[in-house]
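What follows is the residue order along each chain.
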Amino acid sequence: MPTLELGPDETLRVLVPSTALAEAVEALSPRVRAHRFDPADGPPTGEAARAQVLVPQGGAALPDGVLDALPELRLVQLTSAGAEQFVGRLPEGVWLCNARGAHTPSTAEWAVAAMLAAQRGIPHFTREQDAGRWSPRTDHSMVGARVLMVGAGDIGRAIGRMLAGFDVELTWVARTAREGVHGFAELPQLLPHADVVVLIVPVTPQTTGMVDAAFLAAMADGALLVNAARGVVVDTGALLAELRSGRLRAALDVTDPEPLPAGHPLWSAPNLLLTPHVAGAVPGTDARAAAAVTGQLERVLAGEDLVNVVSEY
């Protein structure tokens with residue numbers, strides 16, 4: 001595993017997006033200097049331009065010129081799990097690490113909440129409540145449902161643990177087949193047998209657009225698609241066609257495009273539960289993300305290996 005080596009008296013300079021994180025970082029050691037960095041202010045200058053570590057705001061891409069202004073940069077430490085904005089775009093010798101685990105409980109919780117709400121028809125009943133109509137109907141259930149989890153990483157496993165109480169029949173799929181986990185190549189055979197399909201994969205060339213018309217056509221009539229990954233994993237036009245036909249249902253926390261512009265057809269699509277990328281927006285997420293940053297910097301100061309290193313896809 002890689003390390004970020006410092007000289008015995010070398011100052012560790014870190015670019016951070018907030019005052020709170022700057023205080024937490026500088027509390028680690030007198031050797032640490034934190035500099036607030038807002039991309040809107042332009043590339044770093046002065047002492048900030050000597051930073052060895054950059055902590056971007058969320059997983060947002062950096063404006064042109066920022067990386068060029070940081071000749072001593074050695075590590076980009078994300079506060080997000082998603083790293084697609086940085087993979088393959090960093091200079092040689094700069095490591096990329098994510099905040100694995102920081103968003104796990106909240107994202108898993110959203111996925112389970114979305115499944116329950118969609119299966120039990122809660123969006124429909126909420127609209128009926130707003131209209132003052134008493135309109136009972138029978139919907140689906142999570143109890144005993146056949147769930148296909150497309151993604152077997154940290155968040156996917158957390159979702160699986162949370163679903164255990166519903167006696168679901170859980171099938172795992174990932175890029176690489178292994179014991180207990182099917183490979184992506186097996187999806188055409190697995191999709192027709194799932195009541196719920198959950199997407200929790202990273203954005204890679206292989207996963208971008210993987211949920212296309214053929215993928216959706218292979219899903220069973222009435223099945224629910226849950227996207228807790230990224231919007232670009234799903235072909236929006238193909239999904240809209242299935243929703244409008246009434247054959248499939250969906251719950252999305254992410255969309256393509258994002259943010260979803262006013263007037264976009266997804267806003268009025270039937271059979272859709274839609275939230276504005278808020279799966280991680282719960283108390284505690286920021287603290288866990290900050291802990292991922294400070295924990296990484298503690299390893300740097302101690303000369304230990306970096307963790308949560310993101311490999312090239």
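Here's what I pulled together on the structure shown here. This is a predicted model, so every value here is computed, not measured.

Calculation rules
- Residues numbered from 1 in each chain as written.
- Predicted model: local features only at pLDDT ≥ 70, side-chain atom pairs only at ≥ 80, totals over all residues.
- Heavy atoms only, no water.
- Helix = DSSP H or I, 4+ residues; strand = E, 2+ residues; numbered from the N terminus.
- Rg over C-alpha atoms; globule rule 2.2 N^0.38 Å.
- Buried < 20%, exposed > 50% of the residue type's maximum accessible area, 1.4 Å probe, protein only.
- Areas by Shrake-Rupley, 256 points an atom, 1.4 Å probe, with all protein chains shown as cover.
- Axes fitted to C-alpha atoms, helices over the stretch in contact; angles between N-to-C directions.
- Parallel < 35°, antiparallel > 145°, perpendicular 65-115°, else oblique.
- Left-handed = near helix turned anticlockwise from the far one by under 90°.
- Contact = heavy atoms within 4.5 Å.
- Nonpolar A, V, L, I, M, F, W, Y, C, P; charged D, E, K, R; others polar.
- Polar contact = N/O pair within 3.5 Å; in protein donor to acceptor, adjacent residues only side chain to side chain.
- Core = buried A, V, L, I, M, F, W, Y, C linked by side-chain atoms within 4.5 Å.
- Expected span 1.5 Å × (residues − 1).
- Pairing = 2+ DSSP bridges.
- Phe/Tyr/Trp six-rings, centres within 6.5 Å; stacked < 30°, edge-to-face > 60°.
- Lys NZ or Arg CZ within 6 Å of the ring centre and 35° of its normal.
- Salt bridge = Lys/Arg side-chain N within 4 Å of Asp/Glu carboxyl O.

1. As for the overall build of the chain
Per the secondary structure count, the chain includes eight helices and twelve strands. Its C-alpha atoms give the chain a radius of gyration of 22 Å, within 12% of the compact-globule value 20 Å for 313 residues. Dimensions of the chain, computed from the C-alpha atoms along their principal axes, are close to 70 × 45 × 35 Å. The buried share of the chain, reckoned over its 313 residues, is 47%. Accessible surface computed for the chain: about 15000 Å², of which carbon and sulfur atoms make up 53%.

2. Quick notes on the packing of helix 1 (residues 19-26) against helix 8 (residues 285-302)
Interaxial distance between helix 1 and helix 8 falls to 10 Å at its minimum, and their mutual angle equals 30°. As judged from the angle between their axes, helix 1 and helix 8 are roughly parallel. Between helix 1 and helix 8 the crossing geometry is right-handed. For the pair helix 1 and helix 8, the contacting residues are Leu21, Ala24 and Val25 in the first and Ala290, Val293, Thr294 and Leu297 in the second. Residue composition of the contact of helix 1 with helix 8, by class: six nonpolar, one polar and no charged.

3. A look at the environment of Ser141
Mapped onto the fold, Ser141 is located in the loop between helix 3 (122-131) and strand 6 (146-150). Those residues in contact with Ser141 that lie beyond four places of it in its chain are Gln119 and Arg120. Among the polar contacts made by the side chain of Ser141, one reaches the main-chain amide nitrogen of Val143 at a distance of 3.1 Å.

4. What to know about the environment of Trp95
Tracing the sequence through the fold places Trp95 in strand 5 (residues 95-97). Excluding residues within four positions of it along the chain, Trp95 makes contact with Pro2, Thr3, Arg74, Leu75, Val76, Leu90, Leu306 and Val309.

5. Focus on the nonpolar core
The tendency in soluble globular proteins is for nonpolar side chains to be buried as a group. Counting residues in hydrophobic clusters, the biggest one holds 32 residues, and the most contacted among them are Val197, Phe215 and Leu225. Looking at this core, the elements with two or more residues in it are strand 6, helix 5 (187-190), strand 9 (196-199), helix 6 (213-218), helix 7 (236-245) and strand 11 (249-252). Ala108, Trp110, Ala174 and Val181 belong to the second largest nonpolar core, which has 30 residues in total.

6. Digging into helix 8
Taking 1.5 Å of rise per residue, 18 residues should cover 26 Å, and helix 8 covers 26 Å from first to last C-alpha, within 8% of that figure. Note on helix 8: the residue one or two positions beyond its end, Gly303, has a positive phi of about 75°.

7. Observations regarding the sheet that holds strand 3 (residues 53-54)
Read from one edge to the other, the open sheet built from five strands follows the order 2-1-3-4-5, with strand pairing classed as parallel. Each edge of the open sheet is held by one strand with a lone partner, namely strand 2 (32-36) and strand 5. On top of the sheet, helix 1 reaches strand 1 (12-16) and strand 2; it is set at about 175° to strand 2, its chief contact. Contacting strand 1, strand 2, strand 3, strand 4 (75-77) and strand 5, helix 8 runs over the sheet at an angle of about 165° to strand 1.

8. Focus on the packing of aromatic side chains
In total, this model carries zero aromatic pairs according to the counting rule given. Directly above the ring of Trp172 sits Arg157, whose terminal nitrogen or CZ lies 4.0 Å from the centroid.

9. What to know about the sheet that holds strand 7 (residues 169-174)
As summarised here, the arrangement of the seven strands in space is 8-7-6-9-10-11-12, forming an open sheet in which the pairing is parallel. A strand with exactly one partner marks an edge of an open sheet, and here the two such strands are strand 8 (182-183) and strand 12 (272-274). Pairing geometry for strand 10 (residues 224-227) and strand 11, over four bridges, is parallel. Within strand 11, the position partnered with Leu224 by the bridge is Arg249.

10. Regarding the pattern of salt bridges
Using the criterion set out here, one finds ten salt bridges in the structure. Across the salt bridge formed by Arg133 and Glu128, the nearest N and O atoms sit 2.8 Å from each other. Residue Asp195 pairs with Arg146 through a salt bridge whose shortest N-O separation is 3.1 Å. Placement of the pair is Asp195 in the loop between helix 5 and strand 9 and Arg146 in strand 6, with a sequence separation of 49 residues. What makes Asp195 partly exposed here is its relative accessible area of 26%. Given the relative accessible area of 30%, Arg146 is considered partly exposed.

11. Thoughts on the side chain of Gln296
If you trace the backbone, Gln296 turns up in helix 8. Gln296 has contacts with Leu75, Gln77, Cys97, Leu306 and Val307, leaving out every residue within four places of it along the chain.

12. Side note on unusual backbone geometry
Residue Pro257 follows Asp256 across a cis peptide bond; omega there is 10°. Checked against the element boundaries, Pro257 lands in the loop between strand 11 and strand 12. Even without being a glycine, Asn308 presents a positive backbone phi close to 60°. When you line up the elements, Asn308 lands in the segment after helix 8.

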